[in-house]
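Inside the fold
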Amino acid sequence: MNRATPRNPVAFFERVGRIDGKPIRLYPYQKKLLLDPGRFRMINKSRQVGISWAIGLKALHKAMIDPRTRYGYVASAEKQGVEWLEEVRAVWAELPRPWRMPLRSDKKTKIAFEGGGSIEIRATSASSIRSGRWTDLLLDEFAHVYEDRSIINAALPKISRSKTGSLDIVSTPLGQRGMFYEMWTDDAYRELFKRFEIPWHECPDLNESIIQLARRTLGEDGYAQEYECSFLDETASYFPYDLFLANQRDIEVYEFAPAPDVRLLWPASVHDDHWKAQVAELAADIREACPELVDGWPLFGGFDVGRTTDTSEVYLVREEGDLLPERFRVTLKRVNFTHQRFFLAALMEALPVQMICVDQTGIGRDIAEYLQTEYPARVEPVHFSAELKEDLVTTAKGLLQDRRTPVDHDRTLMLQARTIKRVAGQTKMLFKVDRSEARGHHADRFWAWTLALRAATKAHGYQPALATVSTW
Ligand SMILES: Nc1ncnc2c1ncn2[C@@H]1O[C@H](COP(=O)(O)OP(=O)(O)OP(=O)(O)O)[C@@H](O)[C@H]1O
Ligand SMILES: [Mg+2]
C-alpha cells in the first residue's frame, strides 16, 4: 500500500523517519527551516550543525509530495554531492514501507520517484544551471564555490520565473569576499532573501569539548569563521582565499593517521633488531594503501616537525606534467620522535619520493640527520630561517597564481595559509604566523606543503614570475 505523504515535513519525519535506526528528532532551527515557506533563503551557518542534511529532508519530502519537483544540489566538489545524496537516500531507505515511495531510478548522482519528482547533483558550472531542468536548488558551502557569481546569475532568473521553486544558499563564511558575503551584506539582496544564522551553540549535539579542539587547531580567527558565522577581514593576508579556491580540484589525496594501538607494534628504538624489517613491513602497507602513487610520476615531500604543538606533518606533491598536485598528507599527532623517524623511513622505502625537505630546526635535527644518512641523495635538511620562510611563501604563492598546484577541498591548508602575515623587518619583509590569532596552532600543515613545493621546484629550477615577488 502506498500512503500519501503528509504535507507537514516536520510531523512526517518525526513520526515515521529514522536515522541510523533511531527516530528522527529535529533541532529547533531545522524545524524552522523545514516549515519556513520562503522561496529565497540564505543560511550562514557553523560547521556540522546539520543543515545540508535538513535541506536534504526538505528535498526528499518535496520530491515525494510534488511530482513536478526536480531538486538540484550544487557544491564545489562532486564528492560532497554524492555524500549528500547518500544521506538523503539513507533516510528514504529507513522510511516504513507504506511511506517509502518506490524509486523509478537510483543512480549515484540522481534519484527519481515513481509518480514523484527527482533529486539530482548538478555540475558546479553556470552552464549546467542554465541548461538543466530543475525547480529547486540548494547551493551548498557556497562561499567555497569558485564560479559563484556566474552560478547566481544563472540560477536567479530561473527561480524567479517559477511559481513554486526555491533557492537555498547555504554556507559557512569564507572571508569578506565572494558572492555569499556580498549577498549577505548587500541590502538589495536582503529584500529578496530571507536570512538565517546558525552558530554552533544552537546545535544540541555540538559540545564544548569539540569546540575547544576546533579553537586549538584553527586558531581564534579560524574558529570564529567556522563556528560563529563571522566573515573575516582578509585584506592583510598574503594568501587570500580566492587563490586557494582557484586551485581546488576534485583530486584524491591519500590521508593517513596512525592509530595509537598500531603504534604499539612499532619499534621501540632505532637500535631495535627488527627495525629494518618493520620499516619494510610498514612500507608494504603504505604501498598497498595508495597503489597509484607507487609507479609513474615522481613525488616530492615536505616534513614539518611539531615544535610547540605535538603534531608533525608530512606532505607529498606529485609532479604531473606542469602541475604539482597534492597527493598525500599525514598528521603525526602525539607520535614520538623515534616513530616519526620510523614512519618517514617507511615512506621513503615505499614511494618514489625524489626529494624531501625536512625541517631540521631544533628538535627536528635528529630526524633530519637520520634521513640524510640513510637517503643522502633524496633528503634536504632545511633550517627555518626568515629567508627560508620567505622563499617558501613566495614560491607557494607563485605556483598558486600560476594555477600549477592543485589542492583538494580540505579547508585546513587554506585556513592555515591565511594566518601567514607579512611584517616589516629592518631590511626586508618577513613572514610569520600571527600567534595572537592562532593560539596553539602554527600552520604546520601549511609549512609542510610549502616544503614539498620547494623540493619539487628546486629539482626543476622553478622561479615564480617576477610580478609575483614585486606585488608585496
Ligand atoms: N537532527 C539530527 N539528528 C541526528 N543526526 C543529525 C541531525 N541533523 C544532522 N545530523 C547528522 O549530523 C551530521 C552533520 O550534518 P550535516 O552534514 O547536515 O551538517 P552541516 O551543517 O551541513 O555540516 P558541514 O559544515 O560539514 O557541511 C550528518 O551526518 C547528519 O546525519
Ligand atoms: Mg554541509
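Calculation criteria
Residues numbered from 1 in each chain as written. Chains lettered and ligands numbered in written order. Predicted model: local features only at pLDDT ≥ 70, side-chain atom pairs only at ≥ 80, totals over all residues. Heavy atoms only, no water. Phe/Tyr/Trp six-rings, centres within 6.5 Å; stacked < 30°, edge-to-face > 60°. Helix = DSSP H or I, 4+ residues; strand = E, 2+ residues; numbered from the N terminus. Buried < 20%, exposed > 50% of the residue type's maximum accessible area, 1.4 Å probe, protein only. Core = buried A, V, L, I, M, F, W, Y, C linked by side-chain atoms within 4.5 Å. Contact = heavy atoms within 4.5 Å. Patch = residues over 30% accessible without salt bridge, like charges linked within 9 Å, V, L, I, M, F, W, Y side chains within 5 Å. Areas by Shrake-Rupley, 256 points an atom, 1.4 Å probe, with all protein chains shown as cover. Salt bridge = Lys/Arg side-chain N within 4 Å of Asp/Glu carboxyl O. Lys, Arg positive; Asp, Glu negative; His and termini not counted. Charge placed at Lys NZ, Arg CZ, Asp CG, Glu CD. Near = heavy atom within 4 Å. Polar contact = N/O pair within 3.5 Å; in protein donor to acceptor, adjacent residues only side chain to side chain.

Overall, the coordinates contain 22 aromatic pairs when judged by the stated rule. For the ring pair Y223 and Y227, a centre distance of 6.3 Å and an interplane angle of 20° mean the geometry is stacked. Of this pair, Y223 and Y227 both sit in helix α9 (residues 208–227), separated by 4 residues, roughly a single helical turn. In this pair, the class of Y223 matches that of Y227, namely buried. A centroid spacing of 5.7 Å and a plane angle of 45° characterise the contact between F244 and W449, whose relative ring orientation is tilted. With F244 in helix α10 (residues 241–245) and W449 in helix α17 (residues 444–460), this pair connects stretches of sequence that are 205 residues apart. On the basis of relative accessibility, which here comes to 1%, the residue F244 falls in the buried class.

The subject of this paragraph is the nonpolar core. In terms of nonpolar packing, the biggest core is built from 112 residues, with I169, F239, F446 and W449 touching the most fellow members. Of all the elements, α17 adds the most residues to this core, at 9 residues. Apart from residues no more than four positions distant in its own chain, W449 is found in contact with F244, Y315, V317, A396, L400, T405, V407 and L413. Counting 36 residues, the second largest nonpolar core, distinct from the first, contains F303, A350, I356 and Y370.

Our next topic: a negative patch on the surface. A contiguous patch of negative charge on the surface is contributed by D20, E83, E86 and E87. Structurally, E83 can be placed in helix α4 (residues 78–93). By relative accessible area, which is 45% here, E83 ends up partly exposed.

Time to look at the site of ligand 1. Ligand 1 sits among 15 residues. The nearest are K45, R47, Q48, S52 and W53. Within the side chain of Q30, a nitrogen or oxygen atom sits 3.0 Å from a nitrogen atom of ligand 1. Contact between ligand 1 and V49: an oxygen atom at 3.0 Å from a main-chain N or O atom of the residue. When ligand 1 is considered free in solution it has 630 Å² of accessible area, and contact with the protein chains removes 78% of it.

In this section: the side chain of N247. By secondary structure assignment, the location of N247 is in the loop between α10 and β11 (254–256). Residue N247 is classed as buried on the basis of its relative accessible area of 1%. With residues up to four places along the chain from it excluded, the contact list for N247 reads L399, L400, R403, R404, T405, P406 and V407.

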